[in-house]
Amino acid sequence: MGKKIKKEVEPPPKDVFDPLTIESKKAATVVLMLRSPEEEILVKACEAIYKFALKGEENKATLLELGAVEPLTKLLTHEDKIVRRNATMIFGILASNNEVKKLLRELDVMSAVIAQLAPEEEIVIHEFASLCLANMSAEYTSKVQIFEHGGLEPLIRLLGSPDPDVKKNSIECIYNLVQDFQCRITLQELNAIPPILELLKSEYPVIQLLALKTLGIITIDKESRVMLRDNQGLDHLLRILEAKELNDLHVEALSVIANCLEDLDTMTMIQQTGNLKKLLSFAENSTIPDAQKNAAKAITKAAYDAENRKLFHEQEVEKCLVTLLGSENDGTKIAASQAISAMSENSGSKDFFNNQGIPQLIQLLKSDNEEVREAAALALANLTTSNPANVKATAEADGIDPLINLLSSKRDGAIANAATVLTNMAMQEPLRLTIQSRGVMLAIIGPLHSANTVVQSKAALTVAAIACDVEARTELRNAGGLEPLVDLLRSKNDDVRKHASWAVAVCASDELTATELSKLGKGRGKKEEEKLKEEEETLAVPKLVSEGSPEKEWYPPFDPNFFMYIHEVNKSILPVTNIKEQIEILAKYVAEKMGGKISKDKMPDFSWELHISELKFQLKSNVIPIGSIKKGTFYHRALLFKALADRIGLGCSLVRGEYGRAWNEVTLVHDRKGVIGGLSPPDIYIVDLMFHPGMLMKLKSREADLYRFL
């Protein structure tokens with residue numbers, strides 16, 4: 001046996017680094033590790049950063065300062081699945097920090113985050129990617145990025161995820177996105193309503209609530225309301241109302257129902273299935289003030305339609321509303337009063353409130369809450385118009401004194417409504433004398449001095465109705481009421497001038513008052529009155545033939561503001577010789593009359609829909625004079641621009657697009673050197689009336705397309 005020889009150990013290769021276990025107690029060191037090419041180090045670094053970020057907002061800010069965000073964004077697309085997952089988890093947490101959100105928008109990582117929503121990815125990746133998007137979508141610019149990178153479709157798909165966190169994050173993000181009109185349209189195309197309705201069955205209240213809030217936004221659009229109805233969505237909503245244990249969802253459920261009731265087909269279906277009676281019973285008996293308030297608001301919105309009012313009357317909605325007037329919650333009282341105002345357009349409802357409703361409304365006139373008093377006065381104004389029985393009931397319920405007291409309210413609407421009721425009451429001679437004896441002439445002085453034209457108009461009309469005898473005129477004269485009345489003759493508002501003229505004509509019936517008016521400039525007043533009569537003869541529009549007549553022809557309402565606009569643009573624009581300058585001046589003028597310049601990120605907050613609804617209610621018509629609109633969007637502004645341009649001979653066209661968009665196109669010829677004849681072929685431009693009023697955008701340019709189609 002030979003001698004053992006000890007085998008020598010070969011030294012390690014010189015180009016291999018010996019393994020090193022790194023232990024760091026500083027975040028800065030771990031952030032540096034994010035740039036390592038080794039997957040194991042990246043995994044551990046991400047795990048450490050995730051735990052650090054979870055501890056609070058200060059740590060998120062620290063990571064931002066250390067420059068962790070940019071290298072982490074590159075890991076979102078790393079080939080190693082664990083690295084990618086860990087990076088996604090970090091961004092789900094970090095994206096709640098506003099400064100991180102800002103940086104992420106600049107780094108344009110939205111497509112990388114949305115890619116993590118792919119079906120083949122793990123649920124944990126879905127959870128944190130959707131959380132990141134939910135946090136980001138609270139900002140307008142991020143909403144646009146999510147939408148433009150196709151994020152809506154995968155988010156809708158994830159509503160069916162087995163994981164509740166994924167569902168919650170996805171519906172929260174969708175809720176933020178659908179604040180934008182274009183997203184709502186895409187949501188309809190993707191048939192998102194069925195999966196959203198499924199979320200109403202969730203065992204988690206936060207998911208149910210977000211689903212309801214989302215439905216409340218998307219059912220603003222008629223197409224979505226139809227889809228909701230076709231998918232038995234109303235059954236889901238009514239079941240929520242019937243479940244007492246779901247009372248924390250009742251308020252939002254009623255908001256969705258309120259939108260749906262605006263459609264006559266939906267209203268009819270609810271009535272035929274007996275659910276309308278259930279809804280009214282719920283409103284009357286609910287113990288949740290906000291639920292009762294939203295139920296009354298739902299009735300108000302639906303009652304703008306005559307057929308809906310008829311259905312409500314058949315279901316005795318008036319009893320429910322009278323009950324709600326007795327609520328201890330001011331918001332419910334206001335909503336119920338507004339619903340009565342809307343229902344008063346129905347003659348049967350108007351008669352019902354004669355004995356039940358008017359006494360309760362008069363009690364609300366004494367409320368400490370100014371908004372309650374205003375809403376109650378509005379209801380009384382509508383109930384007493386052209387209804388002597390309701391006028392008498394108002395007087396018998398001791399309504400005169402609280403109405404006169406309301407003339408000193410801090411709210412213009414309350415003053416105008418109270419003046420209207422007093423004017424209606426003064427049509428009856430005994431009541432006129434009673435109103436006069438209670439000091440109304442002294443109380444009306446303040447409204448005559450108001451800067452609000454509606455208040456001025458209503459106050460002057462009240463004077464005209466009450467100053468029918470020497471005592472009333474003497475009281476007005478001694479209280480100093482003639483001077484503000486004469487001043488109103490110089491108003492630029494047609495209604496103010498007209499009602500002031502009537503009041504002056506009534507007051508001039510006795511010598512002393514006529515002499516005082518003369519001193520104050522009655523000669524001017526007479527000229528104004530003559531001018532007014534001349535304008536009325538020229539521009540007055542025939543009214544509806546009274547009911548019962550064989551003929552009943554409809555005419556559009558007279559638009560005094562529009563005629564004032566024509567006068568102003570003639571004065572300011574016609575002297576300008578340059579066509580381009582004329583267009584720019586007119587564009588700025590139109591924008592100013594319709595609510596001013598609007599930045600794109602403020603568009604969702606520009607609540608023009610409510611303004612239009614209020615005008616329809618005030619005018620009792622779906623036809624609104626263009627001059628009455630003070631908050632208008634694309635198609636309102638384009639229509640006014642076209643109408644005024646035609647009046648001053650400025651060539652332009654009015655083009656109607658989709659989804660409420662309309663715009664004006666103008667043709668300009670430019671004087672360019674080197675072109676035969678000195679002129680180049682004409683170019684067509686879109687006139688910006690919204691974001692940069694007066695800016696001209698060449699047709700088919702990127703700016704013009706964004707204006708027309710975004």
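Residues numbered from 1 in each chain as written. Predicted model: local features only at pLDDT ≥ 70, side-chain atom pairs only at ≥ 80, totals over all residues. Heavy atoms only, no water.

1. Side note on unusual backbone geometry
A negative phi angle is the norm for most residues apart from glycine, just as the trans form is the norm for most peptide bonds.
Right, on to step 1. Its identity as a non-glycine residue notwithstanding, Asn 191 has a phi of 55°, on the positive side.
Right, on to step 2. Looking at the element boundaries, Asn 191 is found in the loop between α12 (181–189) and α13 (193–199).
Right, on to step 3. Positive phi, normally seen in glycine, also occurs at Ser 386, with a value near 55°.
Right, on to step 4. Mapped onto the secondary structure, Ser 386 falls in the loop between α26 (370–384) and α27 (388–396).
Right, on to step 5. The class of Ser 386 is exposed, set by a relative accessible area of 75%. (Helix = DSSP H or I, 4+ residues; strand = E, 2+ residues; numbered from the N terminus. Buried < 20%, exposed > 50% of the residue type's maximum accessible area, 1.4 Å probe, protein only.)

2. So, the pairing of strand β3 (residues 683–687)
Right, on to step 1. Most of β3 is tucked away, with four of its five residues classed as buried.
Right, on to step 2. Of the pairings in the sheet, the one linking β3 to strand β4 (residues 696–698) comprises three bridges and is antiparallel in character. What sits directly across from Ile 686, in β4, is Met 697. (Pairing = 2+ DSSP bridges.)

3. What to know about the sheet that holds strand β1 (residues 653–656)
Right, on to step 1. Strand order in the open sheet formed by four strands is β1-β2-β3-β4, with antiparallel pairing between adjacent strands. At either margin of the open sheet sits one strand with a lone partner, and together these are β1 and β4. Averaged over all neighbouring strand pairs, the angle between strand axes comes to 40°, with direction disregarded.
Right, on to step 2. Sheet strands touched by helix α40 (residues 579–593): β2 (662–668), β3 and β4. Its angle to β2, the strand with the most contacts, is close to 165°.
Right, on to step 3. Packing against the sheet, helix α42 (residues 634–647) makes contact with β1, β2 and β3, and its axis sits at approximately 40° to β2. (Axes fitted to C-alpha atoms, helices over the stretch in contact; angles between N-to-C directions. Contact = heavy atoms within 4.5 Å.)

4. Overview of the state of the cysteines
In a disulfide, the sulfur atoms of two cysteines are held together by a covalent bond.
Right, on to step 1. Following the criterion strictly, the structure yields zero disulfides and no others.
Right, on to step 2. Its sulfur unpaired, Cys 173 is 9.3 Å from the next cysteine sulfur, which belongs to Cys 183.
Right, on to step 3. On the basis of relative accessibility, which here comes to 0%, the residue Cys 173 falls in the buried class.
Right, on to step 4. Not engaged in a disulfide, the cysteine Cys 507 finds its nearest cysteine sulfur in Cys 468; these two sulfurs lie 9.2 Å apart.
Right, on to step 5. According to the relative accessible area criterion, Cys 507 is buried, its value standing at 0%. (Disulfide = S-S within 2.5 Å.)

5. Some details on the environment of Ala 418
Right, on to step 1. Looking at the element boundaries, Ala 418 is found in helix α29 (residues 412–426).
Right, on to step 2. Sequence separation of Ala 418 and Leu 407 is eleven residues, and the distance between their C-alpha atoms is 6.5 Å.
Right, on to step 3. Among all residues touching Ala 418, those that are not within four sequence positions of it are Ala 377, Leu 403, Leu 406 and Leu 407.

6. Quick notes on the pattern of salt bridges
Right, on to step 1. Counted according to the given criterion, the structure contains 23 salt bridges.
Right, on to step 2. The closest approach of N and O atoms between Lys 293 and Asp 290, which form a salt bridge, is 3.6 Å. Separated by three residues within a single helix, Lys 293 and Asp 290 lie in helix α20 (residues 289–302), roughly one turn from each other.
Right, on to step 3. On the basis of relative accessible area, Lys 293 is assigned to the partly exposed category, the value being 21%.
Right, on to step 4. Put simply, Glu 374 and Arg 411 hold a salt bridge, and the shortest N to O gap is 2.4 Å. (Salt bridge = Lys/Arg side-chain N within 4 Å of Asp/Glu carboxyl O.)

7. A few points about α20
Right, on to step 1. Relative to the 20 Å expected for 14 residues at 1.5 Å per residue, α20 spans 20 Å between its end C-alpha atoms, a close match to the ideal helical length.
Right, on to step 2. Along α20, the residues that are buried comprise Ala 291, Gln 292, Asn 294, Ala 295, Ala 296, Ala 298, Ile 299, Thr 300 and Ala 302.
Right, on to step 3. Buried residues in α20 make contact with α17 (250–260), α19 (275–285), α21 (306–314), α22 (317–325) and α23 (330–343). (Expected span 1.5 Å × (residues − 1).)

Treat this as a map of the structure, not an account of what it does.
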